[in-house]
Amino acid sequence: IVIEDPQELSVDFSSEQISCFGLTDGSIAVTATGGTGEYTYSLDGENYGEVSVFENLAAGTYDMYVQDGNGCLIQVIGSLVIIEPTQLTVQVDEVG
């Protein structure tokens, strides 16, 4: 009998930045590979779910936690950054 270790758990991610100043429409999509079984995902390391896309995010730095079916965990700490564009300002000069 040969017992083989599962392939190493790894993650890849992409992000959509906030579209306009003051909005919270950023998102992070995560793809997990390796490990065993189904994956669960979390931004806080406590609340896990099967959804791998996190939407309606505000500007900030996010951590990602991915757990496989055996409870093996991979953490991506501080590498997921959602950026908010600079606020547009208008200067009106008096004419006349």
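Residues numbered from 1 in each chain as written. Predicted model: local features only at pLDDT ≥ 70, side-chain atom pairs only at ≥ 80, totals over all residues. Heavy atoms only, no water.

**Quick word on the sheet that holds strand 5 (residues 60–67)**
The strand order 3-5-6 describes an open sheet built from 3 strands, whose pairing is antiparallel. Each edge of the sheet is formed by a strand with only one pairing partner; in this case those strands are strand 3 (40–42) and strand 6 (73–82). Strand after strand, the sheet turns through a mean of 25 degrees between neighbouring axes, direction not considered. Note: strand 5 against strand 6, 7 bridges, orientation antiparallel. Directly across from M64, in strand 6, lies its bridge partner V76. (Pairing = 2+ DSSP bridges. Helix = DSSP H or I, 4+ residues; strand = E, 2+ residues; numbered from the N terminus. Axes fitted to C-alpha atoms, helices over the stretch in contact; angles between N-to-C directions.)

**Re unusual backbone geometry**
Phi is positive for N56, close to 60 degrees, though the residue is something other than glycine. In this structure, N56 sits in strand 4 (residues 53–57). Here N56 falls in the exposed class, since its relative accessible area comes to 62%. (Buried < 20%, exposed > 50% of the residue type's maximum accessible area, 1.4 Å probe, protein only.)

**Re the sheet that holds strand 1 (residues 10–16)**
Here we have 3 strands laid out as an open sheet, ordered 1-2-4, and antiparallel in their pairing. Both outer strands of the open sheet, strand 1 and strand 4, are each paired with one neighbouring strand and no more. Neighbour-to-neighbour, the strand axes of this sheet turn through a mean angle of 15 degrees, independent of strand direction. The sheet contact formed by strand 2 (residues 26–33) and strand 4 spans 3 bridges and is antiparallel.

**Observations regarding the nonpolar core**
The biggest cluster of nonpolar side chains holds 15 residues, and the ones touching the most others in it are I28, Y41, M64 and V66. Within the residue set of this core, elements represented by two or more residues are strand 2, strand 4, strand 5 and strand 6. Once residues within four sequence positions are removed from consideration, Y41 is found in contact with V30, A32, N47, Y48, G49, E50, V51, S52, F54, Y65 and V66. (Core = buried A, V, L, I, M, F, W, Y, C linked by side-chain atoms within 4.5 Å. Contact = heavy atoms within 4.5 Å.)

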